[in-house]
Amino acid sequence: MPKIITISREFGSGGREIGKRLSEELDFAYYDQEIIKEICKQTGMNENFVNEVSERAITLVANQFGHTFYNQQQIDILVSQQKIIQELAKKGDCVIVGHGCAEILADQHPFSIFVYASMEAKVKRCRLKGPEEEKLTDKELVRKIKDVDKNRKWGEKENYDLCLNTTHIQIKEVIPGLAKYIQECL
């Protein structure tokens, strides 16, 4: 059975960087934006729309019997996303970032990580890693971070094997130790 690491993260916390570096350190496949591209290919839908629905996937899945109603396009995206993530996980050892992967793959018992940071650290990371043409004020960037995070549903900390606060760490420096820890747990 493949070894699977899932990473859920707050916007700007460094979850993607952790996923990418862990996959390299462990020689695992890495999946993130490839999922969006494959959904677009399968559904023929616009990447921005797919990305927006994908960000809200946990909410959609969690509330499917609640008071919120979804159109067929949104349902098609979620069904496609679930199928793609399950197929990717079957291919072999991998790290999957976001897209509700921890919940989708729960029956496969992945090593699940939640990555978070202080708002100050997230703003700083967004400034370093974000597109240069994005000229947001600090106030606008904080609002963007909060807007993205309010649509993500992570569940309780008990759902994760590891909660990682990246506020005061250099991600590349902790990857070898993190990889060793995960290998011991897998």
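It should be noted that the structure appears before, not after, this text.
In what follows, the accompanying structure is described. Model, not experiment: these values are computed from the prediction.

Okay, the side chain of Arg9 next. Mapped onto the elements, Arg9 comes out in strand E1 (residues 4-9). Arg9 sits in the buried class, given a relative accessible area of 9%. Residue contacts for Arg9: discarding those within four places in its chain leaves Gly15, Arg16, Val97, Gly98, Phe114, Val115, Arg152 and Trp154.

Let us look at the sheet that holds strand E2 (residues 29-31). Spatial ordering of the open sheet is given by E2-E3-E1-E4-E5, a layout of 5 strands whose pairing is parallel. For this open sheet the edge positions go to E2 and strand E5 (162-165), each flanked by a neighbour on one side alone. Sheet twist, expressed as the mean angle between neighbouring strand axes with direction ignored, is 20°. Sheet topology note: the E1/strand E4 (residues 111-116) ladder contains 5 bridges and is parallel. Within the sheet, the bridge partner assigned to Ile7 lies in E4 and is Ile113. In this fold helix H5 (residues 72-91) packs onto E1, E2 and strand E3 (94-97), with an angle of close to 160° to the strand it touches most, E3.

Within the secondary structure layout, Ile4 lies in strand E1. Look at Ile4 and you get buried, because its relative accessible area is 2%. The spacing of Ile4 and Leu128 is 124 residues in sequence and 29 Å in space, taken between C-alpha atoms. When sequence neighbours within four positions are dropped, the list of residues in contact with Ile4 reads Ala89, Cys94, Leu105, Gln108, Pro110, Phe111 and Leu186.

We now examine the pairing of E5. In summary, the side chains of a regular strand alternate between the two faces of the sheet. Burial of the side chains of E5 is restricted to one face: Leu162 and Leu164 are buried, whereas none of Cys163 and Asn165 on the reverse face is. Two elements, E4 and E5, share 4 bridges in a ladder whose sense is parallel. The residue bridging Ile113 from the neighbouring strand is Leu162, located in E5.

Attention now moves to the environment of Tyr30. Along the chain, Tyr30 turns up in strand E2. Judged by relative accessible area, Tyr30 falls into the buried class, the value being 16%. Between the C-alpha atoms of Tyr30 and Leu136, which are 106 residues apart in sequence, the distance is 30 Å. Ignoring anything within four residues of it in the chain, the contact list for Tyr30 reads Arg16, Gly19, Lys20, Ser23, Val95 and Val97.

So, how was this worked out
- Residues numbered from 1 in each chain as written.
- Predicted model: local features only at pLDDT ≥ 70, side-chain atom pairs only at ≥ 80, totals over all residues.
- Heavy atoms only, no water.
- Helix = DSSP H or I, 4+ residues; strand = E, 2+ residues; numbered from the N terminus.
- Buried < 20%, exposed > 50% of the residue type's maximum accessible area, 1.4 Å probe, protein only.
- Contact = heavy atoms within 4.5 Å.
- Pairing = 2+ DSSP bridges.
- Axes fitted to C-alpha atoms, helices over the stretch in contact; angles between N-to-C directions.

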